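Commentary on secondary and tertiary structure
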Amino acid sequence: MAPVDVPVALLGYGTVGAAVNRFLHENADNIERATGHRLRVVRALVRDLKKERDFPAAPGVLTTDFAAIADDPEIALVAEVMGGIDPTHDYILRLLRDSKPVVTANKQLLAQRGADLFAAAQEGGVQLRFEASVCAAIPVIKVLREALVVTNVHRILGIVNGTTNYILTQMELGAEYGEALAEAKRQGYAEMDPTEDVSGADAAAKMAILATVAFGSRVTLDDVNFEGVERITSAHVNAARQMDMVVRLVGRATLVEGGYDVRVSPALVDCAHPLAGVEGAFNAIMLQGDAIREITLEGPGAGGIETASAVIADMVSIIGTKGTGFLHDDACWRTVDRLPAGELRSPFYLQIAVDDRPGVLARVAERLAAHEISVARLVQFQTGGGAILHVISHEATYGAVDEALAEISGLPESREIAVAFPVISQRGISELGWA
Ligand code: NAP
Ligand code: HSE
């Protein structure tokens, strides 16, 4: 049977856009064999027609005119791989309302304006798919939307940013923060504005999307408490190693009776935990639910060709499920409240720099006790007239730890602002010892 010709357009022809075109060219026969369709990029929107491209588009494909895509009735679907909120938001709204299906890799747009976009998709009666917006090549949205559709997933734990994971694992090998970030940019992992990666905003947007799909209730970027890796130094990485742990930027989304909590922060991960072995630009997501207990998905979380693989899979899914009533909204069917910010519990690692004088340890212990924080392990290292306390606590609330740290940092004997990272371990905190 002759293949069905499917003209498609791209908004953006950068790291991901050029990789989508390359993938479609190099794998055209495979895609046709699997789906009976031949996808062809006929237009791609860019800002600069003269820029050198990794995989040059055919003459006449690149355009700076959005109308050349929006007004072309031949274009069957559009993949948005340009990023940003404006003008991208308006472009996608226009396409969806005009009944053009859209695939997007844009997590910030979805996490901030998802409600508008899915309303427009419904209005236009077309699909908006977004697999590539979370963890590039890992098919986690499909797993949550399709494979686990009847499972009550109530906890997600993951490494969902490739750039910061690359930076942290390079620091473990001795690299400086700045040089590791520069290499992540060169490799095409980082966002156009890498502040989004290092500040935790990229991971926070992905966790908001995952929580929305898993919990069936809208979670936006504003609902996520996040911190990135900007404060992490080689000293933290080395201290973690001494305790047989590694530093990772970890996202967690938790659904309990009465609410949800979604957050991203650096964490100390026990070397025996599956997330500790996730290295470079790889990502991993652990899904916990009633029937499934735990499923872990791991794979490349950033990069042009890795993301292109998810973009094309979504294109193929749209073609294959068009008009079938197959799930294609963002699955929000209820409203779950956000838990009060400090209520979630975790064991913590605390690093406290103080003067090395009689009574100082007692005053630190007193502030911890005042906030019901119980010490599981304590090690002290001397540093020219001072001492660094490395403390691992039993489970405590985030709120209690924040308050205790503020009080400890305000003690006259305190030498610098104390830091705390949650500890992630499956061994049980009391079994964690120093290596
Ligand atoms: P990129 O390399 O910076 O490419 C962006 C492309 O969009 C460029 O071709 C640029 O045109 C075009 N563009 C940007 N603003 C435009 C505007 N206002 N009008 C017309 N064209 C515009 O970015 P990328 O790394 O491919 O990322 C694209 C999207 O994929 C982002 O949403 C990102 O978050 C997401 N994503 C990226 C990765 C990754 O590993 N890179 C992974 C998952 C998701 P010019 O080329 O002319 O400048
Ligand atoms: N900048 C993102 C990351 C790209 O490093 O994970 C993938 O979304």
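It should be emphasised that the depicted structure is a prediction, and the values quoted were computed from it without experimental measurement. (Residues numbered from 1 in each chain as written. Chains lettered and ligands numbered in written order. Predicted model: local features only at pLDDT ≥ 70, side-chain atom pairs only at ≥ 80, totals over all residues. Heavy atoms only, no water.)

1. Here we look at the packing of aromatic side chains
Counted under the stated rule, the structure contains 5 aromatic pairs. A ring pair is formed by Phe348 and Tyr398, whose centres lie 4.9 Å apart and whose planes are at 80°; its orientation type is edge-to-face. Taken together, the residues Phe348 in strand β14 (residues 348-355) and Tyr398 in helix α14 (residues 398-409) connect sequence positions 50 residues apart. In this structure Phe348 comes out as buried when scored by relative accessible area, which is 2%. Residue Tyr398 is classed as buried on the basis of its relative accessible area, which comes to 9%. In this structure, Arg263 is placed above the aromatic ring of Tyr398, and the distance from its NZ or CZ to the ring centre is 4.0 Å. (Phe/Tyr/Trp six-rings, centres within 6.5 Å; stacked < 30°, edge-to-face > 60°. Helix = DSSP H or I, 4+ residues; strand = E, 2+ residues; numbered from the N terminus. Buried < 20%, exposed > 50% of the residue type's maximum accessible area, 1.4 Å probe, protein only. Lys NZ or Arg CZ within 6 Å of the ring centre and 35° of its normal.)

2. Points about empty space enclosed by the protein
Rolled over the atoms, a probe with the dimensions of a water molecule shows which regions are left empty. Counted by the stated rule, this structure contains 4 cavities of 30 Å³ or more. Roughly 80 Å³ of volume is contained in the second largest cavity. Taken together, Leu110, Gly114, Phe118, Phe130, Ala208, Ile209, Thr212, Val213, Arg218, Val219 and Asp330 make up the full set of residues lining the second largest cavity. When contributions to the lining of the second largest cavity are tallied by element, the ones reaching two or more residues are α5 (107-124) and α10 (201-215). Considering every element that reaches the lining of the second largest cavity, the biggest residue donor is α10, with 4 residues. For the lining of the second largest cavity, the per-class residue count stands at 7 nonpolar, 2 polar and 2 charged. Each of domain 1 (4-129 + 306-321) and domain 2 (143-298) contributes no fewer than three residues to the lining of the second largest cavity. (1 Å grid on protein atoms, 1.4 Å probe; cavity = no way out; pocket = protein on both sides within 12 Å on 5 of 7 lines; lining within 4 Å. Points joined across faces, edges and corners; volume = space filled by probe spheres on them. Nonpolar A, V, L, I, M, F, W, Y, C, P; charged D, E, K, R; others polar. Domains from an automatic or database assignment.)

3. Re the sheet that holds strand β3 (residues 62-63)
The strand order β3-β2-β1-β4-β5-β6 describes an open sheet built from 6 strands, whose pairing is parallel. The open sheet is flanked by β3 and β6 (128-129), the only strands paired with a single partner. Note that strand β5 (residues 102-104) and β6 share 2 bridges and pair parallel. Note on β6: the bridge partner recorded for Val102 is Leu128. (Pairing = 2+ DSSP bridges.)

4. Topic: the pattern of salt bridges
One pass over the full model with this rule turns up 21 salt bridges. For Arg186, the salt bridge goes to Glu183, with nearest N and O atoms at 2.8 Å. Taken together, the residues Arg186 and Glu183, both in helix α8 (residues 177-186) and 3 residues apart, mark about one turn of the helix. The residue Arg357 makes a salt bridge to Asp355 at a minimum N-O spacing of 3.1 Å. With relative accessibility at 46%, the residue Arg357 sits in the partly exposed group. The network of salt bridges with common partners includes Lys107, Glu191, Asp202 and Lys206. (Salt bridge = Lys/Arg side-chain N within 4 Å of Asp/Glu carboxyl O.)

5. With respect to the site of ligand 1
The immediate surroundings of ligand 1 are formed by 26 residues, with Val16, Lys51, Arg53, Glu191 and Gly303 found nearest. One of the backbone nitrogen or oxygen atoms of Arg47 is found 2.9 Å away from an oxygen atom of ligand 1. Relative to its unbound accessible area of 900 Å², ligand 1 is 88% covered by the protein chains. Here the residues of the shell around ligand 1 sort into 12 nonpolar, 8 polar and 6 charged. (Near = heavy atom within 4 Å. Polar contact = N/O pair within 3.5 Å; in protein donor to acceptor, adjacent residues only side chain to side chain. Areas by Shrake-Rupley, 256 points an atom, 1.4 Å probe, with all protein chains shown as cover.)

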